[in-house]
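Take a look at the letters that make up each chain.
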Amino acid sequence: MTISGLFQLGVTTVVFLLAATVAKSWALQPTFGKLILTLALYSAGNLIMLRLVREFGMASAFSLSAVIQLVAVNAIALFYFGERLSMVQSSGIVLAIFAVGLITLGPNLGK
């Protein structure tokens, strides 16, 4: 992992978090502008992901991005929108974080 790659991962995470927040806002109060903004943000995030796939590999890039987004989006849902998770859902998040750790570190630990 390079500094540039980690920076891009951070940028794409912020873009996807903004997209998710606008998407939730659209779900609560639909407007055409929110829909266009949501699509533009998700498109920008996916374009950045293409670079990350090249740098980190597909499994690592999408896994890292997914778990970071999983934690961050749930934090926004819980603290900003007041949503709640069940014990099963919370356990799933913990297991997902563990799984991504194995995917990311696996190549280095398996040698």
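Refer to the structure presented above.
Remember, it's a predicted structure, so these values are computed and weren't measured experimentally.

**Digging into the packing of aromatic side chains**
Inspection of every chain in the model, using the stated rule, returns two aromatic pairs. Centroid distance Tyr 80 to Phe 81: 4.8 Å. Interplanar angle 90 degrees. Geometry classified as edge-to-face. Look at Phe 81 and you get partly exposed, because its relative accessible area is 24%. Between Lys 24 and the ring centre of Phe 81, over which it is positioned, the NZ or CZ distance is 5.7 Å.

**Details of the nonpolar core**
In summary, soluble globular proteins display a tendency toward joint burial of nonpolar side chains. Membership of the largest hydrophobic core is limited to nine residues, which are Leu 9, Phe 16, Met 49, Leu 52, Phe 56, Ala 61, Leu 64, Val 67 and Val 100. Listing elements by their share of this core, those giving two or more residues are α1 (3–28), α2 (32–56) and α3 (58–79). Once residues lying within four places of it in the same chain are set aside, the contact partners of Met 49 are Thr 12, Phe 16, Ala 61, Phe 62 and Ser 65. Core analysis: the second largest hydrophobic core is formed by five residues, Ala 19, Val 22, Leu 41 and Ile 48 among them.

**Focus on α1**
The first and last C-alpha atoms of α1 sit 38 Å apart over 26 residues, in line with the 38 Å expected at 1.5 Å per residue. When we look at burial in α1, the residues that qualify are Gly 5, Gln 8, Leu 9, Thr 12, Thr 13, Val 15, Phe 16, Leu 17, Ala 19 and Val 22. In this structure, the buried side of α1 is in contact with α2 and α3.

**What to know about α2**
Across its 25 residues, α2 extends 36 Å between first and last C-alpha, which sits within 8% of the 36 Å expected from 1.5 Å per residue. Looking at α2, one finds that the buried residues are Thr 38, Leu 41, Gly 45, Ile 48, Met 49, Leu 52 and Phe 56. Contact partners of the buried residues in α2: α1 and α3. After α2 finishes, the residue Gly 57 shows a positive phi value of roughly 95 degrees.

**Quick look at the side chain of Gln 8**
Its place among the elements puts Gln 8 in helix α1. Every residue in contact with Gln 8, bar those within four places of it in the chain, is listed here: Ile 48, Arg 51, Leu 52 and Glu 55.

**What to know about the environment of Leu 17**
In this fold, Leu 17 is placed in helix α1. Among the residues examined, Leu 17 registers a relative accessible area of 16% and is labelled buried. Not counting residues up to four positions away in its chain, the partners in contact with Leu 17 are Ala 72, Val 73 and Ile 76.

**Some thoughts on the packing of α1 against α2**
Angle between the axes and distance between the axes: these two values describe a pair of packed helices. At a minimum axis distance of 8 Å, the contact between α1 and α2 shows a crossing angle of 155 degrees. Relative to α2, the element α1 lies roughly antiparallel. Crossing handedness for the pair α1 and α2: left-handed. Residues of the contact of α1 with α2, tallied by class, amount to 20 nonpolar, seven polar and three charged.

Definitions and limits used
Residues numbered from 1 in each chain as written. Predicted model: local features only at pLDDT ≥ 70, side-chain atom pairs only at ≥ 80, totals over all residues. Heavy atoms only, no water. Phe/Tyr/Trp six-rings, centres within 6.5 Å; stacked < 30°, edge-to-face > 60°. Buried < 20%, exposed > 50% of the residue type's maximum accessible area, 1.4 Å probe, protein only. Lys NZ or Arg CZ within 6 Å of the ring centre and 35° of its normal. Core = buried A, V, L, I, M, F, W, Y, C linked by side-chain atoms within 4.5 Å. Helix = DSSP H or I, 4+ residues; strand = E, 2+ residues; numbered from the N terminus. Contact = heavy atoms within 4.5 Å. Expected span 1.5 Å × (residues − 1). Axes fitted to C-alpha atoms, helices over the stretch in contact; angles between N-to-C directions. Parallel < 35°, antiparallel > 145°, perpendicular 65-115°, else oblique. Left-handed = near helix turned anticlockwise from the far one by under 90°. Nonpolar A, V, L, I, M, F, W, Y, C, P; charged D, E, K, R; others polar.

By themselves, these observations are geometric and do not establish any function.
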